[in-house]
Amino acid sequence: MYSLKQISNIINGTILGSDSTYIKYLSIDSRKIFFPQETLFFAIITDHRDGHNFIQDAYEQGVKNFIITKPINFSIYADACFITVGNSITALQQLATHHRQQFKIPVIGISGSNGKTIVKEWLNQLLEPDFNICRSPKSYNSQVGVPLSIWQLNKHNQLGIFEAGISKPDEMDTLEKVISPTIGILTNIGSAHDEGFKNREQKLSEKLKLFKQGQTLICCFDDELVNKVVTQNSIKTFSWGKTNGCDVSIVHIEKQSDGTYIDLEYNKERISFKLFFSDEASVENALHCFCTCILLGLKKEIIVERIQKLRSIEMRLEWKKAINNCYLIDDSYNNDLSSLTIALDYLQQQSQTVKKTVILTDIFQSGISDTELYNHVADLLSQRKIGRLISIGNTIILYKHFFIDRGIEVITFNTTENFLQAFESLSFKDETILLKGARAFELERVAHILEQQAHHTILETNLSALTDNLKKYRSLLKPGTKIMVMVKAFGYGSGGAEIAKVLQFNKVDYLAVAYVDEGVSLRRAGIHLPIMVMNPEPSAFNLMDEHNLEPEIFSFEILNAFIHYCKSKAIKEFPIHIKFDTGMHRLGFEFNELDALIKSLLLYEELKVKSVFSHLAVSDDPTHNSYTHQQAELFTSICNTLEEKISYPFIRHISNTAAISRHPHLQLDMVRLGIGIYGVDTANQLSLRVVTMLKSTIAQIRFVKAGETVGYSRKGIVIKDSLIATVRIGYADGFRRQLSNGKGYMYLHGQLAPVIGNVCMDMTMIDVTHIKNVQVGDEVEIFGKHIHIEKVAELCNTIPYEIMTGINQRVKRIFFEE
Ligand SMILES: *Cc1c(COP(=O)(O)O)cnc(C)c1O
């Protein structure tokens, strides 16, 4: 804890207000503040956001202390304290650097293109029994993430493990000062962020700056570039590889179906073990970890024992629909204080329901007494307004009064078995449940009964990728341009409220849905962004009104009906959105109706025009650019006339996804982003991330002899003896029948398997003769990272929109963040 006065001195700030408060938490995001009294808020300016705009939001939550870089209206924050600095990111880094210097413990700094987070998490697993460790949460490795990670160091810690990521030159100098590592790890050098550097060598030299003061760098000398550059820079290394002269040399390495067998030599001694993995990246990551453990002085028998137990890390938190309208966040892989905090924050942000329950086992955390520990946990839960705690274990039960005293309902069980026996009596309903516990408690049994066991076909949505795509489009917009995101048709098939929550969190300006019902269900799920309804049916006007939904008005018929409704309820200035047809010829007023429309708008004060818009018919197609321009010109002249006549401002918008990248001058006041955030670039210009993945599993496998046939109508003729797998997906799920007989394919075990025979209603057969080790239950990708949805659409002679929205609602939706 530092007083504001100390902090101001450290960062060379000018302080205004009382400087005696003690600060425990730093925040850069007003959406993530949990202990406002002890929080210092840094107003950070980036290309797309100015943190000063969120000061009021933070203040309203009780934050009283701020770091700012420009003058604000102090008078409205009478009891607050402001420290003015030149650059708030620099200030954050200076503060973290100072904090780091207070600790004389080994600190591991991890850099490289891939694997940083995995190496960090594995080291944590390997070293946890011997050290009280402070590590970066999630993948906090940026100019801002690193200082926030370092800030978490406390007097109990005996080891620090931090990631450092850079995307352009010079960033590493700062991170080096902040982390000041005593041991370095260079995971590897790949293509990530190549665009920010002159060449690989420059990128590598930049990354190596992290280790310029460090005592030893762990790296693999089989990479020639690494070997060369490290040697040139005379960095002290602890190297491994097959190359001669490595500190740890690989004598033999052999991949088998059950993992990788490795023989190493260190200090003239042979060390052998088996890793659970056979992919190259995992082996590389594990060997970095091995060397780190050696450097830290662990006994080799212990390292071998622990390293064989490493498993892939479920780094992502995901939530699933569960029984009785519940949602489940399953994080039952480990249980320490920092991962509990992350999971609780996630629960707080993602909660789809008002009611929140945490199922929590005993926690293992060295260096802190149980009393302190559970007191802190009770604080964490009460700050996040958790209504119910269900505890499992013999230790946590001893501290249940901590939770009860804070108004939390507590139910305790000694074992997971006892919990399962009492399951029915716990009546889970309409709540979001966080399942958090150590592996030993086998909470997967709990997850299993909480999950809706519908069937095995799932549509996965990667919410981090969706956010990245949104950012990509945002970066194409001029400052101040608003974004409306189209979440019609259940968010293009992937999810309605679930997607809207993420968009709301990322502060888009508007949402749009097709029908009133869709808008109502978003409101019920707690979406408070303005929502436009494109097809408001008069019978649903009252519902629309009740839920603050804003209609699109596209004809006199609907205009008059709505005016009539507003009059009957004595409503004034109801926000509406007027649509003009400029060439799509679907919905909208025509140009020759403009005068009459203006008359009505001037006459009836029941309505107020919030926005005026039109829709482009061919924005994705360069051969029709002139048509697009013609539409835009007509639209502009309509808007100009309207503005002149109705004499108040409104929002103008015409661009859909493809127009955002292809026709930047048509951004106007707002754009309507649709398919792009879901990862499909119809204009083929951007590299978007894959957001939705359709997966299923194999129900049965059989040998079929040459000459036999597979499936209905005997269309699947088997030419040579074959291995045929039946997959749990059919045309009823949205796997189109056009994909029958070799036209479509699925992806498993790194290979493609063609469809054989006709697709059935609930099942499809694929030929897996050429693929090794296929087993019942194996996961199969229908579309996603390996088979792009665009490709599937092409095979079906349609567009990705139709494939996406055609996935049946019986297919279970899963959402996750990385
Ligand atoms: C669906 C829709 C959009 C979004 O289209 P994309 O091609 O998905 O970007 C924009 N405006 C209107 C009126 C729409 O109906």
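Each remark here, short or long, concerns the structure printed above.
Since the model is a prediction, treat every value here as computed from it, not as a measurement. (Residues numbered from 1 in each chain as written. Predicted model: local features only at pLDDT ≥ 70, side-chain atom pairs only at ≥ 80, totals over all residues. Heavy atoms only, no water.)

**Topic: the overall build of the protein**
(1) Moving on: Along its length, the protein carries 26 helices and 40 strands.
(2) Moving on: What you see for the protein is a C-alpha radius of gyration of 29 Å, in line with the 28 Å of a compact globule of 818 residues.
(3) Moving on: The principal-axis extents of the C-alpha atoms in the protein amount to approximately 90 × 85 × 65 Å.
(4) Moving on: Burial analysis of the protein (818 residues in total) assigns 55% to the buried set.
(5) Moving on: Across the protein, every contact between residues at least 6 apart in sequence was considered, and the portion connecting residues at least 24 apart equals 65%.
(6) Moving on: Across the protein, the 87 positively charged side chains and the 92 negatively charged ones have centroids separated by 1 Å. (Helix = DSSP H or I, 4+ residues; strand = E, 2+ residues; numbered from the N terminus. Rg over C-alpha atoms; globule rule 2.2 N^0.38 Å. Buried < 20%, exposed > 50% of the residue type's maximum accessible area, 1.4 Å probe, protein only. Contact = heavy atoms within 4.5 Å. Lys, Arg positive; Asp, Glu negative; His and termini not counted. Charge placed at Lys NZ, Arg CZ, Asp CG, Glu CD.)

**Some thoughts on the sheet that holds strand β7 (residues 81–84)**
(1) Moving on: Taken together, five strands build an open sheet; the order of strands is β2-β7-β6-β5-β4 and the sheet is mixed. Two strands close off the open sheet at either side, each with one partner strand: β2 (14–16) and β4 (25–27). Each strand axis lies, on average, 20° off the axis of its neighbour in the sheet, ignoring direction.
(2) Moving on: Note that strand β6 (residues 65–68) and β7 share four bridges and pair parallel. The residue of β7 that forms the bridge with Ile68 is Thr84.
(3) Moving on: Contacts from helix α3 (residues 88–101) reach β4, β5 (39–42) and β6, with the element oriented near 140° to β5. (Pairing = 2+ DSSP bridges. Axes fitted to C-alpha atoms, helices over the stretch in contact; angles between N-to-C directions.)

**Section: the sheet that holds strand β29 (residues 607–614)**
(1) Moving on: The strand order around the closed barrel built from eight strands is β24-β25-β26-β27-β28-β29-β30-β31, with neighbouring strands paired in parallel fashion. Put simply, the sheet's adjacent strands are angled 30° from each other on average, direction ignored.
(2) Moving on: Relative to β29, strand β28 (residues 574–580) runs parallel, the two being bridged by seven bridges. Its bridge partner lying in β29, Pro575 is registered against Lys608.

**A few points about the site of the ligand**
(1) Moving on: Residues in contact with the ligand amount to 13 residues; listed here are only the nearest, Lys488, Tyr492, Thr657, Ile675 and Tyr801.
(2) Moving on: Summarising the interface, the protein chains cover 95% of the accessible area of the ligand, which totals 390 Å² for the free molecule.
(3) Moving on: Among the residues making up the shell around the ligand, the classes are represented as five nonpolar, four polar and four charged. (Near = heavy atom within 4 Å. Areas by Shrake-Rupley, 256 points an atom, 1.4 Å probe, with all protein chains shown as cover. Nonpolar A, V, L, I, M, F, W, Y, C, P; charged D, E, K, R; others polar.)

**Comments concerning unusual backbone geometry**
Among all residues except glycine, the phi angle is most often negative; among peptide bonds, the trans geometry is most common.
(1) Moving on: Phi angles above zero are rare outside glycine, and Lys385 is one such case at about 55°.
(2) Moving on: Relative to the assigned elements, Lys385 resides in the loop between α12 (370–383) and β20 (388–392).
(3) Moving on: The backbone of Phe490 sits at a positive phi, close to 60°, despite the residue not being glycine.
(4) Moving on: Here Phe490 is to be found in helix α17 (residues 488–492).
(5) Moving on: Look at Phe490 and you get partly exposed, because its relative accessible area is 27%.

**Brief notes about the side chain of Asp581**
(1) Moving on: Mapped onto the secondary structure, Asp581 falls in the loop between β28 and α22 (594–603).
(2) Moving on: There is no salt bridge for the buried Asp581, and the closest opposite charge comes from Lys579, which lies 8.3 Å off by N-O distance.
(3) Moving on: Reaching out from Asp581, the side chain makes a polar contact with the backbone nitrogen of Gly583 at a distance of 3.0 Å.
(4) Moving on: At 2.7 Å, the side chain of Asp581 and the side chain of His585 are in polar contact.
(5) Moving on: The contact partners of Asp581, leaving out residues within four places of it in the chain, are Arg586, Leu587, Gly588, Phe589, Glu590 and Ser614. (Salt bridge = Lys/Arg side-chain N within 4 Å of Asp/Glu carboxyl O. Polar contact = N/O pair within 3.5 Å; in protein donor to acceptor, adjacent residues only side chain to side chain.)

**A short note on the packing of helix α7 (residues 200–208) against helix α8 (residues 224–232)**
(1) Moving on: Between α7 and α8, whose axes approach to 10 Å, the crossing angle comes to 55°. In terms of their interaxial angle, α7 and α8 are classed as oblique. As for how α7 packs across α8, the hand of that crossing is right-handed. Contacts between α7 and α8 involve Arg200, Glu201, Leu204, Ser205 and Leu208 from the first element and Leu225, Val226, Lys228, Val229, Val230 and Gln232 from the second. (Parallel < 35°, antiparallel > 145°, perpendicular 65-115°, else oblique. Left-handed = near helix turned anticlockwise from the far one by under 90°.)

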